[in-house]
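Each chain, letter by letter, is given below.
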Amino acid sequence: MNETDRHQQKQGYDVGDFIRILWSRKWLIASIAFVVTSVAIAAAFLVQPTYRGEVLMAPVTTDGSAAGLGQIAGQLGGLASLAGIDIQGGDRSEEYLAILRSRFFTEAFIHDEVLMDDLFADEWCAERSDWCPDVVDVPTIRDAFERFDKDVRTVVKSTKTGFVRVVIDWHDPETASRWANTMSARLNQVLQARAIEESAHNIEFLNQRLLDTSEVELRDGIYQLIETEMRQLMLASSRSEFGFRIIDPAVASDLDDPYAPKKPIYAFFGLCIGGLLGILFALFVSRREWLG
């Protein structure tokens, strides 16, 4: 090491010194950046692609049962509550989304659509139509729910518009879109069946209470509640999109347009990381040479 190098090492290096060092090692830096970027791009091609099926839905709201009940609404509140009738009505989308995310709904969907062999394809032998002989812990429906809920399905509700997106990420575009559409339709079917059952139960309860009271104002209010429940029953029976209206059903993506991995993003980060590693290595080599 000459006196100039020793002097520079003692005094430190300014920006100009670093620029000269990097310029003198530019081919080393470029080579490292090229190698890392190539590896990143190769990884993007080797990773199994994921396709996205997405359904856009809008919640359907209904008017409350108490509309037009006037002064006796207070008296009917306790009766309606006892019967399980929501006289306030309004937006029940959060309750509906809880059903969509629930273990009961999801496990029933997995069972009815026969998704166990898809979710655990590495452990399923198609030739035997059974689990592979070397599988020690056979996956259960609980395991399937956890995988489906964590890695496959996403439910997002917009705080601005109230719209709901049911998203399915899977390795086949046709399958992803089919599952998203089927799950959305199945949710409306479940909500419709529940609404019909609830209204039928409420009407039966109110008819019984009608026989037990002789107060004219209360009987008039009960008649109005029965009328509202009858309207709800007819609405639920005739409307297939009971809980959510499908705004935009899922459509299968093109095979050459997966949701992930995004090859340009892999290339960009590979270039950034490769450039950084190249710079650090160039500085390390230069310092070794200065130290002699």
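Structure first, text after, so check above.
Rules used in this analysis
- Residues numbered from 1 in each chain as written.
- Predicted model: local features only at pLDDT ≥ 70, side-chain atom pairs only at ≥ 80, totals over all residues.
- Heavy atoms only, no water.
- Helix = DSSP H or I, 4+ residues; strand = E, 2+ residues; numbered from the N terminus.
- Buried < 20%, exposed > 50% of the residue type's maximum accessible area, 1.4 Å probe, protein only.
- Contact = heavy atoms within 4.5 Å.
- Areas by Shrake-Rupley, 256 points an atom, 1.4 Å probe, with all protein chains shown as cover.
- Salt bridge = Lys/Arg side-chain N within 4 Å of Asp/Glu carboxyl O.
- Pairing = 2+ DSSP bridges.
- Axes fitted to C-alpha atoms, helices over the stretch in contact; angles between N-to-C directions.
- Disulfide = S-S within 2.5 Å.
- Expected span 1.5 Å × (residues − 1).
- Polar contact = N/O pair within 3.5 Å; in protein donor to acceptor, adjacent residues only side chain to side chain.
- Phe/Tyr/Trp six-rings, centres within 6.5 Å; stacked < 30°, edge-to-face > 60°.

> Would you take a moment to explain the overall build of the protein chain for this structure?
Within the protein chain, the secondary structure is distributed over eleven helices and six strands. Expressed as a percentage of its 292 residues, the buried residues of the protein chain come to 35%. Nonlocal contacts in the protein chain, meaning residues at least 24 apart in sequence, comprise 78% of its contacts between residues at least 6 apart. A total accessible area of about 17700 Å² is found for the protein chain, and carbon and sulfur atoms account for 57% of it.

> In this structure, what is going on with the pattern of salt bridges? I would like to understand it.
A side chain with one charge can pair with a side chain of the opposite charge if their charged atoms come near. Scanning all chains against the criterion turns up nine salt bridges. Where R231 meets E227, a salt bridge forms, and the shortest distance between an N and an O atom there is 3.4 Å. Residue R231 and its partner E227 are located together in helix 10 (residues 216–238), separated by four residues, close to a single helical turn.

> Would you explain the environment of G270 in this entry?
With respect to the helices and strands, the residue G270 is situated in helix 11 (residues 263–291). In this structure G270 comes out as buried when scored by relative accessible area, which is 4%. Setting aside chain neighbours within four positions, we find G270 in contact with A33, V36, T37 and A40.

> I tried to follow the sheet that holds strand 6 (residues 244–248) on my own but got confused; where do I start?
Strand pairing in a sheet takes place through backbone hydrogen bonds and is either antiparallel or parallel in direction. One open sheet holds the four strands; their spatial order is 4-5-1-6, and the pairing between them is antiparallel. Across the chains shown, the open sheet's two edge strands, defined by having one partner strand only, are strand 4 (153–157) and strand 6. Pairwise comparison of adjacent strand axes, ignoring direction, gives a mean angle of 30° for this sheet. Two strands pair when backbone bridges link them, and strand 4 and strand 5 (residues 164–170) are joined in this way by five bridges, in the antiparallel orientation. Looking at the pairing, R153 lines up with I168 of strand 5.

> I keep staring at unusual backbone geometry and nothing clicks. Help me out?
One can expect most non-glycine residues to show negative phi and most peptide bonds to be in trans. The phi dihedral of V114 falls on the positive side, at around 55°, and the residue is not glycine. Along the chain, V114 falls in the loop between helix 6 (103–112) and helix 7 (116–119). For V114, a relative accessible area of 56% translates into the label exposed. Positive phi, close to 55°, is recorded for S129, a residue that is not glycine. With respect to the helices and strands, the residue S129 is situated in the loop between strand 2 (124–125) and strand 3 (130–131). S129 sits in the exposed class, given a relative accessible area of 54%.

> What exactly am I supposed to notice about the state of the cysteines here?
Here, the word disulfide means a covalent bond between the sulfur atoms of two cysteines. In the structure shown here, the tally under the stated rule is one disulfide. Across the disulfide from C125 sits C132; the S-S distance is 2.3 Å. Across the disulfide from C125 to C132, rotation about the S-S bond amounts to roughly 120°, and the bridge is consequently right-handed. Exposure class is identical for C125 and C132. Each is buried.

> Quick question: what am I supposed to make of helix 9 (residues 173–212) here?
Quick reminder: α-helices carry 3.6 residues per turn. Residues three or four places apart thus point the same way. Given a rise of 1.5 Å per residue, 40 residues ought to cover 58 Å, and the 59 Å separating the end C-alpha atoms of helix 9 matches this to within 8%. The N-capping residue of helix 9, defined by a side-chain oxygen 3.3 Å from the backbone nitrogen of E174, is D172.

> Would you mind going over the environment of C272 with me for this structure?
When you line up the elements, C272 lands in helix 11. The exposure class of C272 is partly exposed, given its relative accessible area of 39%. Put simply, C272 and T37 are 235 residues apart on the chain and 8.3 Å apart in space, counted from C-alpha to C-alpha.

> Explanation requested: the packing of aromatic side chains in the structure shown.
Aromatic ring pairs are reported here in terms of the distance separating the ring centres and the angle at which the planes meet. If you walk through the whole model with that rule in mind, you get seven aromatic pairs. Relative to F244, the ring of Y96 has its centre 6.1 Å away and its plane inclined at 75°; by these criteria the two rings are edge-to-face. One end of the pair, Y96, is in helix 5 (residues 93–101); the other, F244, is in strand 6, and 148 residues separate them in sequence. When its relative accessible area of 0% is taken as the criterion, F244 is described as buried.

Remember that the coordinates give geometry; whether it matters functionally is a separate question.
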